[in-house]
Amino acid sequence: RGVLHTTSGTSTLDELHFDAEFETKSVSGNIGFERLRASCLTFESTSGDIRGTLVGDPDDYAIESHTTSGNVSLPNGTTSTSNRNSLTAQTISGDIKIEFTALR
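Since this is a predicted model, take the numbers as computed values, not measurements.

Caption draft 1: Geometry of the sheet that holds strand E2 (residues 11-14). Strand order in the open sheet formed by five strands is E2-E4-E6-E10-E8, with parallel pairing between adjacent strands. Each end of this open sheet is capped by a strand with a single partner; those strands are E2 and strand E8 (72-73). Of the strand pairs in this sheet, E8 and strand E10 (residues 96-101) are connected by two bridges, and their pairing is parallel. What sits directly across from Val72, in E10, is Ile96.

Structure representation (structure tokens):
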């Protein structure tokens, strides 16, 4: 399991692979990631953007997202809870932009 919590500042993660859960939370700051892989992903930011690229197919994820003040850009994915992977992205004040890319 991977966990990253920050109070202030930008968190950037590149090409990490977790066999299980990965969770990152930020009180004030952006969360950025490139080619991240995990079966259960949770991103939460109180004030900041969540942006990055996940490895895989959005159809393999049950996707849930919410922002109070901002824009959300995510592939459709599925709302099925029977998927083996899950993605949750939430922010109060910030944008969410997550894209998916194929395995290399």
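Caption draft 2: Region of interest: the pairing of strand E5 (residues 40-47). Pairing analysis gives seven bridges linking strand E3 (residues 21-28) to E5, with the strands arranged parallel. If you follow Ser28 over to E5, its bridge partner there is Ser47. In the sheet, E5 pairs with strand E9 (residues 85-93) via seven bridges, with the strands oriented parallel. Within E9, the residue paired with Phe43 across the bridge is Ala89.

Caption draft 3: How the structure looks around the nonpolar core. One finds Phe33, Leu41, Phe43, Leu54, Leu87 and Ile98 to be the most contacted residues of the largest nonpolar core, which totals 18 residues. Of all the elements in the fold, those that place two or more residues in this core are strand E4 (31-36), E5, strand E6 (50-55), strand E7 (61-69), E9 and E10. Contacts of Leu54, omitting those with residues within four sequence positions, involve Phe33, Leu36, Leu41, Phe43, Leu87, Ile98, Glu99, Phe100 and Thr101.

Definitions and cut-offs
Residues numbered from 1 in each chain as written. Predicted model: local features only at pLDDT ≥ 70, side-chain atom pairs only at ≥ 80, totals over all residues. Heavy atoms only, no water. Pairing = 2+ DSSP bridges. Helix = DSSP H or I, 4+ residues; strand = E, 2+ residues; numbered from the N terminus. Core = buried A, V, L, I, M, F, W, Y, C linked by side-chain atoms within 4.5 Å. Buried < 20%, exposed > 50% of the residue type's maximum accessible area, 1.4 Å probe, protein only. Contact = heavy atoms within 4.5 Å.

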